[in-house]
Amino acid sequence: MLDSSNDGARLAAFLLRMRPALVTLAEALISPAFRSVLDASDLVQQTLLEAHRDRSTWSIASEGQIFSWLREALRHNVIDAARQLKSQKGDVRRTQRLEDLHSTVARIADRLAADQSSPSQRVEREEQVARLLEAIQSLTEGQRRVVILKHLRGWTLEEISQELGQTETAVAGLLHRARQSLCHLLGERK
Amino acid sequence: MTTFPGNRHEDSSVTLDEVLAVCERSIERHDPTVEQSLTLRYPQYSDEIQVFFRCQGVIERVAEPVFAALSGVRPPPSLSEYESLVEVGRGGMGVVYKGRHRATGRMDAVKFIHPDRVSSLSKMDGEGLVARFRRECLMAAQVAHQNIVPVYHVGECEQGVYYSMRFVDGPTLHDLMTDPSLSPQQSARYIEQVARAIEALHQHGILHGDIKPHNIVVDSETEIPLIGDFGLAAMESSGCLDTSSEFMGTPGYLPPEVVQSLREDAPGNVNAVLGATISADVYGLGSTLYALLTGGPPHPGETAQARLASTLARDVVSVRTHNPKIPRLLAEICQKALARDPRHRFSTAAELADALEIWLNQPDWSRHFPKLGHVLFAVAPLLLLSNMAVYFMLRSAYWQSLVWMPVFASYIPLFVGFSLSGHAFTPAGRPALRALWSTWIGHFAASASSYISLRLLLAPDQHLVMAAFYACFAAISALTFFVNSAHFWVSYRWIGFGWMWIAVGVSVVPDGAPLIIGIGSSLTACVIAIQERRAQTISSSLRYPESSLDCLSR
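Residues numbered from 1 in each chain as written. Chains lettered and ligands numbered in written order. Predicted model: local features only at pLDDT ≥ 70, side-chain atom pairs only at ≥ 80, totals over all residues. Heavy atoms only, no water.

Details of the overall build of chain A
The criterion, for reference: Only runs of H or I of at least four residues qualify as helices and only runs of E of at least two qualify as strands under DSSP, and these elements are numbered from the N terminus. The contact criterion used is simple: two residues touch if any of their non-hydrogen atoms lie within 4.5 Å. Areas reported as accessible are Shrake-Rupley estimates using a 1.4 Å probe. Residue values count occlusion only from the protein chains shown.
The secondary structure content of chain A amounts to eight helices and zero strands. The order of α-helices and β-strands along chain A, N terminus first, is α-α-α-α-α-α-α-α. Excluding contacts between residues fewer than 6 apart, the proportion of contacts in chain A whose partners are at least 24 apart in sequence is 70%. Accessible area of chain A: about 8900 Å², with a carbon and sulfur share of 48%.

Here's the deal with the overall build of chain B
Stated formally: Partly exposed describes any residue whose relative accessible area lies between the buried limit of under 20% and the exposed limit of over 50%, with all areas from a 1.4 Å probe on protein chains only and scaled to the type maximum.
Summing up its helical and strand segments, chain B has 24 helices and nine strands in all. Buried residues in chain B amount to 51% of all 554 residues. Accessible surface for chain B amounts to roughly 25100 Å². Of this, 60% is attributable to carbon and sulfur atoms.

Brief notes about the pattern of salt bridges
Residue and element names in this part refer to chain B. We count it as follows: Just to be clear on terms, a salt bridge is a Lys or Arg side-chain nitrogen sitting within 4 Å of an Asp or Glu carboxyl oxygen.
By the definition in use, this model includes 14 salt bridges over all chains. In this structure, Arg340 and Asp315 form a salt bridge, with 3.6 Å as the shortest nitrogen-oxygen distance. Of this pair, Arg340 sits in the loop between α14 (328–337) and α15 (349–361) while Asp315 sits in the loop between α12 (304–313) and α13 (319–322), placing them 25 residues apart in sequence.

Concerning the interface of chain B and chain A
Keep this limit in mind: Values labelled buried area give the accessible surface lost by two parts on being combined, using a 1.4 Å probe and summing over both. Any pair of N or O atoms that falls within 3.5 Å is considered a polar contact. Within protein, one atom must be able to donate a hydrogen and the other to accept it, and sequence-neighbouring residues count only if both atoms are side-chain atoms.
The partner chain A presents 38 residues to the 32 residues of chain B that form the contact. Note on chain B versus chain A: buried area summed over both sides is about 3100 Å², and carbon and sulfur give 65% of it. For the chain B face of the interface with chain A, the top three residues by lost area are B:Ile59, B:Val62 and B:Leu70, together amounting to 19%. Our count for the chain B to chain A interface comes out at four salt bridges. Counting across the chain B and chain A interface gives five residue pairs in polar contact (both at pLDDT 80 or more).

Points about the packing of aromatic side chains
All names here are of chain B. Our working definition: Note on aromatic contacts: the rings of Phe and Tyr and the six-membered ring of Trp form a pair at centre separations within 6.5 Å, being stacked when their planes are under 30 degrees apart, edge-to-face when over 60 apart, and tilted otherwise.
Scanning the entire structure with this criterion turns up 23 aromatic pairs over all chains. Centroid distance Phe415 to Phe444: 6.4 Å. Interplanar angle 75°. Geometry classified as edge-to-face. You can see Phe415 sitting in helix α19 (residues 411–421) and its partner Phe444 sitting in helix α20 (residues 429–458), a full 29 residues away along the chain. Looking at Phe415, the relative accessible area reads 18%, which means it is buried. Put simply, the rings of Phe408, Tyr411, Phe415, Phe418, Trp437, Phe444, Tyr451, Phe469, Tyr470, Phe473 and Trp499 touch in pairs and so form one group of aromatic residues.

As for helix α17 (residues 372–393) of chain B
Count 3.6 residues to each turn of an α-helix, and residues three or four apart come out pointing the same way. Threshold: The span you would expect from a helix comes to 1.5 Å times its residue count less one. Each residue is assigned a bend, namely the angle between axes fitted to the seven residues that terminate at it and the seven residues that start at it.
With 22 residues, α17(B) should reach 32 Å at 1.5 Å per residue; the first-to-last C-alpha distance of 31 Å fits that figure. The largest bend in α17(B) is about 25°, located at B:Val379, with the proline B:Pro381 one to four residues further on.

Comments concerning the environment of B:Gly295
All names here are of chain B. With respect to the element layout, Gly295 can be found in the loop between α11 (278–294) and α12. Here the alpha-carbon distance between Gly295 and Asp175, two residues 120 residues apart in the chain, equals 9.8 Å. If near-sequence neighbours (up to four positions away) are discounted, Gly295 is found in contact with Met177, Thr178 and Tyr290.

Here we look at the nonpolar core
Convention followed: The set of buried Ala, Val, Leu, Ile, Met, Phe, Trp, Tyr and Cys residues whose side-chain atoms join them within 4.5 Å is what this entry labels a nonpolar core.
Grouped together as the largest cluster of nonpolar side chains are 66 residues, with contacts concentrated most on A:Phe67, A:Leu70 and A:Leu152. With 47 residues, the next largest nonpolar core counts B:Ile206, B:Leu293, B:Ala331 and B:Trp359 among its residues.

Here we look at a nonpolar patch on the surface
Residues and elements named next belong to chain B. Cut-off, in case you're wondering: Patch membership requires over 30% relative accessible area and the absence of a salt bridge. Like charges are linked within 9 Å, and nonpolar side chains (Val, Leu, Ile, Met, Phe, Trp, Tyr) within 5 Å.
The grouping of Leu382, Leu384, Leu385, Met388, Phe392, Leu515, Ile519 and Leu523 at the surface amounts to a nonpolar patch, some 710 Å² of accessible area in total. Only α17 and α23 (513–541) provide two or more residues apiece to the nonpolar patch. Counting residues per element, the nonpolar patch draws most heavily on α17, at five residues. Tracing the sequence through the fold places Leu385 in helix α17. We classify Leu385 as exposed; its relative accessible area is 53%.

Things to note about unusual backbone geometry
Residue and element names in this part refer to chain B. Unusually for a residue other than glycine, Glu223 sits at a positive phi of about 65°. Structurally, Glu223 can be placed in the loop between β7 (216–218) and β8 (225–227). The exposure class of Glu223 is partly exposed, given its relative accessible area of 40%.

Focus: the pairing of strand β5 (residues 160–166) of chain B
All names here are of chain B. Where we set the bar: DSSP calls a pair of strands paired once it identifies at least 2 bridges connecting them.
The element β5 is largely enclosed, with a buried count of six among its seven residues. As paired strands, strand β3 (residues 107–113) and β5 are joined by five bridges and run antiparallel to one another. From the neighbouring strand, Asp108 faces β5, where its bridge partner is Arg166. The pairing of strand β4 (residues 151–157) with β5 spans six bridges and is classified as antiparallel.

Here we look at the packing of helix α8 (residues 184–203) of chain B against α15(B)
Residue and element names in this part refer to chain B. This is how it is decided: Fitting a line to C-alpha atoms yields each axis, with helices limited to the stretch in contact; the angle taken between N-to-C directions then spans 0 to 180 degrees. When an angle is under 35 degrees it counts as roughly parallel; over 145 it counts as roughly antiparallel; between 65 and 115 it counts as roughly perpendicular; any other value is oblique. Whether a crossing is left-handed or right-handed is set by the direction in which the near helix is turned from the far one by less than a right angle, anticlockwise for left-handed and clockwise for right-handed. Each residue gets one label: Ala, Val, Leu, Ile, Met, Phe, Trp, Tyr, Cys and Pro are nonpolar, Asp, Glu, Lys and Arg are charged, and the others, such as Gly, are polar.
Two elements in contact, α8 and α15, have axes whose closest approach is 8 Å; the angle formed by their N-to-C orientations is 155°. Classified by the angle their axes make, α8 and α15 are roughly antiparallel. When you trace α8 past α15, the crossing you get is left-handed. Each of Pro184, Gln185, Ala188, Arg189, Ile191, Glu192, Ala195, Arg196, Ile198, Glu199 and His202 in α8 lies in contact with α15, whose residues at this interface are Ala349, Ala350, Ala353, Asp354, Leu356, Glu357, Trp359 and Leu360. Classifying every residue of the contact of α8 with α15 gives 11 nonpolar, two polar and six charged.

Concerning the side chain of B:Ser164
Residues and elements named next belong to chain B. With respect to the helices and strands, Ser164 occurs in strand β5. For Ser164, the side chain forms a polar contact with the side chain of Tyr82, separated by 3.5 Å. Not counting the four nearest positions on each side in its chain, Ser164 is found in contact with Tyr82, Asp108, Ala109, Val110, Val151, Tyr152 and His153.

Observations regarding the side chain of B:Ser310
Residues and elements named next belong to chain B. Position of Ser310 relative to the elements: it lies in helix α12. In this structure Ser310 comes out as buried when scored by relative accessible area, which is 11%. In terms of polar contacts, Ser310 uses its side chain to reach the side chain of His299, at 2.8 Å.

Side note on helix α2 (residues 16–28) of chain B
Taking 1.5 Å of rise per residue, 13 residues should cover 18 Å, and α2(B) covers 18 Å from first to last C-alpha, within 8% of that figure. If you check which residues of α2(B) are buried, you get B:Val19, B:Leu20, B:Ala21, B:Val22, B:Cys23, B:Glu24, B:Ser26 and B:Ile27.

A short note on the packing of α11(B) against α15(B)
Residue and element names in this part refer to chain B. Running from N to C, α11 and α15 point in directions that differ by 35°, and their axes come no closer than 9 Å. Between α11 and α15 lies a crossing whose hand is right-handed. Residue-level inspection shows Val282, Leu285 and Leu289 of α11 in contact with α15, the latter providing Ala349, Leu352 and Leu356. Here the residues of the contact of α11 with α15 sort into six nonpolar, no polar and no charged.

Description of the environment of B:Ser401
Inspection of the secondary structure assignment puts B:Ser401 in the loop between α17 and α18 (404–409). Along the sequence, B:Ser401 and B:Pro460 sit 59 residues apart, while their C-alpha atoms lie 9.0 Å from each other.

A closer look at the environment of B:Gly520
All names here are of chain B. By secondary structure assignment, the location of Gly520 is in helix α23. Along the backbone, Gly520 and Ile495 are 25 residues apart, and their C-alpha atoms lie at a distance of 9.7 Å. If sequence neighbours within four positions are ignored, Gly520 has contacts with Trp499 and Ile502.

Here it is in structure tokens:
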């Protein structure tokens, strides 16, 4: 175990680095109906990045696997946020979302652990997933929405076009160009 | 489905985005063959189409765990007859929870249809999916077999349709297939049992259609494999699944004829499209065995497309290419189950099970006679010495008549060695032990009777008696090793050939006969000893589950 101030700084730096990926996850979690009420980046910013406040309870020795690490970080913060929100007649929905975010990250970690045969493959996969989530944030607003609905929520072309009020052809074009930039971004960082 | 414009002229007016929409919908239908046909139809966009499929594949693969994780963010359904349910797994079609049944206190598995799957479909398709799920429940409930997870109850609640079944606590074969301690014997044993269960399904007119390591759970307590997922099972008689239903089966484990029929999109041939035939199930069993032996599907690949393409393009690489220590006969069984042409496969699941059972029960000297190698090394010089004694005794008039003593004395260390080295705990061990003893007692009896007859016929010329006897001895040995080659080690037949030539040799050089026989005998003992030692190293490197085998046989 490292000394706690060092740990806290590392946690903060890590969460800062993971912020775009977390925003993507939060955006994917918030169903379109709540978009006006809940702001994903606000959710992540306000509650998650205050992680280092709780750094005294924090003890992760190695950064090894991104999602296992992130899950652990979020577990602390979910508890922290729930405590905080309870005291300020809080936004139940927000706590709920935060818990969802935690369980999503936990599931990603489990899923990657279950699918991969070797630890090195797993680390590689985790990095790819994290990079994809991060890259989604660099897309345009429209592209980001279609990619999230298509690939993270599993909607069909028809459903997306109804939701966005655009033709299927337009959505297909948007999606294609979004994927091209994502592939480009993923390839660039390799 | 979108219909393609009928001729070139209309095709050229299609915009890129329209073509992309067609690509997108084909991906949603999981149609793996569309890339090629679209490229042919819209040659002007072939580059873009290629980029589309490449990017789509990459993004989908990377995003898959996130999608799976997000679709799981949902509280488990609550059922009045169960204490709180806990999710234990999810497949293409449903989510599986475990929970304690309130009335009986028993731990059950409860499988719900994937709620996202129903809500993402049109009303008609959604109903179709629910109907298919119900059918799956009914099928699973129809067959009582010790290798099929028993279904208790089918029901419906606010959160959807579900069925409850026995909760099997243990890993799936998919979890086990990368375990280095899984021996070929244990793999064969699992598949043999699963094949018997599949045969029982076939007897009830049910085809499974998606046999793969993920669908088979091994009970941790009893080590019994159970088929736990009927995700695809299609009722042979009803043929009721509509062709519009999504692509089913698992790329990499699918037989080539199914992939081919998907490519041709054969209309009306429902069972072929679904991959549900008896020989496809046999292939499924073969590919599961393959995965257990090698740790991967018969047609590996990064993407589903690559796996399907490989299935069509090439034969399965033998399991011995991955691991040369896998016994040849088992590799052949696996290869036969995976034959490209369905007619060359085992015609039923029972036939495959029988082949595996025969392989599992075949005698194996290295297992039944673990110390035989050492014994034979010790016996080899004794054989040489006793025959040299014969050579010198024949030269002295006094000792000539006692020459039979060293000849037959050499059987004593052999028999003592057999009793010391053999043990027969397994079902296969007893016949192996019997075969060994009866062969060599037969060898002794035949040699003794030929010596007595020759001595009565040719006395008093001891030289002639021994020359004739040694020719007989060599011929009897040749026979013995030919017989043994059928039971134990195929290469014994070459030793048999060797003894045939020794029989001729001793007749050509009658004076040197005892020496030729002595050298031949001790060489034979050494060759077998070396082979045994080699087999021992191989079987110990495969980590024989000797103790578990012993338990099973008792």
